[in-house]
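Geometric and topological summary
Next come the chains, spelled out residue by residue.
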Amino acid sequence: MDVIVRPTPTLQGEFGALSSKNYTTRYLLVAALSEGVSTIYHPAHSEDSDAIRRCIADLGAVLTEDEEKIVVQGFGRHPRDVKELNVGNAGAVLRFLMAVAALSPEVTFVNTYPDSLGKRPHDDLIQALGQLGVEVEHNNGRLPITIRGGKPQGGRITVSGAVSSQYLSALLFLTPLLDEDSEIIVLDDLKSKVVIGQTLEVMEQAGITVHAADDYMSFKVPGRQAYAAKSYTVQGDYPGSAAVLAAAAVTKSDVTIHRLAEHSKQGERAIVDVLRMMEVPLTHENGTVHVQGNGILKAVEFDGDAATDAVLAMVAAAVFAEGTSRFYNVENLRYKECDRITDYLAELTRAGAKVEERRDEIIVHGTPEGVEGGVTINAHYDHRVIMALTVVGLRARQPLRIKDAHHVAKSYPQYFDHLRSLGANVEWVE
Ligand SMILES: O=C(O)C1=C[C@@H](OP(=O)(O)O)[C@@H](O)[C@H](O)C1
Ligand SMILES: C=C(OP(=O)(O)O)C(=O)O
């Protein structure tokens, strides 16, 4: 399914933010790793959250669900012996479950998105699992991947954080369940460091002790721990909301989003600070962001690694700013659902934006007068490319057609409904 985005000068309305993707993944995981019954209120409903629901059920968790919650009977450190798991296109789910699979005799992760997740590298996690005594068969570091675990040991583990923080999160989730204590040392750099704060927060809520160095470059994890069964409430999602806030910023708007906690550990809450730096009129109080856009934005410089999943939305806003914006320290955007530098900038350029790529930077020469549009956009299987190009389409002179826009459902199935409720001129077409 494609979406046609037509020029939309004004947006107005309010709604509650969708539920956080990252917290839903983590709460479902720690619930599955507990031996008791946990309850997760307001979980996200999307392809990625469906993927982890399906996989933990395959591994032996029992899930019951109603409108507001999921109740999970976990499998603790004894997942059911399952031959195959299908994580769809969900990177974090794959990496976290590769670590959990170390507790099973043999699990194969199949490759159902060869042009997206199928291209993403997992070498650093494979290498680290090897140090635990786990045998991993793989296709040059990529899917399909077979994990032969059983009885992984702890001890000293090194892992590179230069490509993704998800490898480290995966090891953090696994190691408390091992018989031995573990020490995890992060080599090179640690990208998306803020996300590790979310992992540690959830583990602590689940009663797990981890001794983390202040810089998150080394961890001591006592073994023989058990995840407690708990009740969790999922907070609102900043990465998805960032796209709606960017849409409000580039139009004349009066848009309110509730359920966005000021003190969240989601780095993408920086969308609010970045829009403020761009001089977009807004307030953020009591979990509510209120944008009163006037269509005027100023260029900005920002360390994108602090808010990795909101950078594309920030760039879309910068397309209409006065001056040249620079988003630096963003190389790991190349290892996401698509190459979010080369592929995204190619689509922006086709839409008429003036952008330049560096190995680890995105430069945007703002065009406050708008962009031409009138082209068909390749979504590259990437929900965040779809959301960001939609923002650009709202202020293009000619409509943008976004091909295969249904991939937005990876994280935010109701994105176009939410935008339409604000008055955006967006339409699904076959
Ligand atoms: O741990 C997580 O849940 C995530 C970590 C980030 O990935 P990287 O660490 O690969 O940047 C983020 O982009 C992704 O959407 C979710
Ligand atoms: C990169 C993302 O997800 P994942 O790595 O979990 O596929 C994302 O949600 O933007």
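Analysis parameters
Residues numbered from 1 in each chain as written. Chains lettered and ligands numbered in written order. Predicted model: local features only at pLDDT ≥ 70, side-chain atom pairs only at ≥ 80, totals over all residues. Heavy atoms only, no water. UniProt positions renumbered as here; feature names shortened; annotations may be inferred. Phe/Tyr/Trp six-rings, centres within 6.5 Å; stacked < 30°, edge-to-face > 60°. Helix = DSSP H or I, 4+ residues; strand = E, 2+ residues; numbered from the N terminus. Buried < 20%, exposed > 50% of the residue type's maximum accessible area, 1.4 Å probe, protein only. Contact = heavy atoms within 4.5 Å. Polar contact = N/O pair within 3.5 Å; in protein donor to acceptor, adjacent residues only side chain to side chain.

The name recorded for the chain in an unreviewed UniProt entry is 3-phosphoshikimate 1-carboxyvinyltransferase, from Paenibacillus phytohabitans. What the UniProt record of the chain gives under Subcellular location (unreviewed entry) is the line "Cytoplasm".

Let us now look at the packing of aromatic side chains. The geometry of an aromatic ring pair comes down to the distance between the two centres and the angle between the two planes. Inspection of the entire model under this criterion finds eight aromatic pairs. Ring geometry for Tyr-113 and Tyr-381: centres 6.5 Å apart, planes at 85 degrees, overall edge-to-face. Linking Tyr-113 in the loop between strand E7 (107-109) and helix H4 (123-131) with Tyr-381 in the loop between strand E23 (376-377) and helix H11 (383-394), this pair joins segments that are 268 residues apart in sequence. Ring geometry for Phe-416 versus Trp-428: centroids 5.2 Å apart, planes at 80 degrees, classification edge-to-face. On the criterion of sequence distance, the pair formed by Phe-416 in helix H12 (residues 415-421) and Trp-428 in strand E26 (residues 426-429) is long-range, its members being twelve residues apart. Phe-416 gets classed as buried once you look at its relative accessible area, which sits at 2%. Aromatic ring contacts, followed pair by pair, group Tyr-412, Tyr-415, Phe-416 and Trp-428 into a single cluster.

Along the chain, the position of Leu-348 falls in helix H10 (residues 342-351). Taking the C-alpha atoms as reference, Leu-348 lies 9.7 Å from Val-315; in sequence the two are 33 residues apart.

When the UniProt feature table is mapped onto this chain numbering, "binding site: phosphoenolpyruvate" (unreviewed entry) sits at Lys-21, Gly-91, Arg-120, Gln-166, Arg-340, Arg-384 and Lys-410. Among the structural elements, Arg-340 can be located in the loop between strand E19 (324-328) and H10. Not counting the four nearest positions on each side in its chain, Arg-340 is found in contact with Asp-309, Leu-312, Leu-333, Arg-334, Ile-362, Asp-382, His-383 and Arg-384. As for its position among the elements, Lys-410 is in the loop between strand E25 (400-402) and H12. The class of Lys-410 is buried, set by a relative accessible area of 2%. Residue contacts for Lys-410: discarding those within four places in its chain leaves Lys-21, Ser-46, Glu-47, Asp-48, Asn-89, Ala-90, Gly-91, Glu-337 and His-383. A distance of 3.4 Å separates a polar side-chain atom of Lys-410 from the backbone oxygen of Asn-89.

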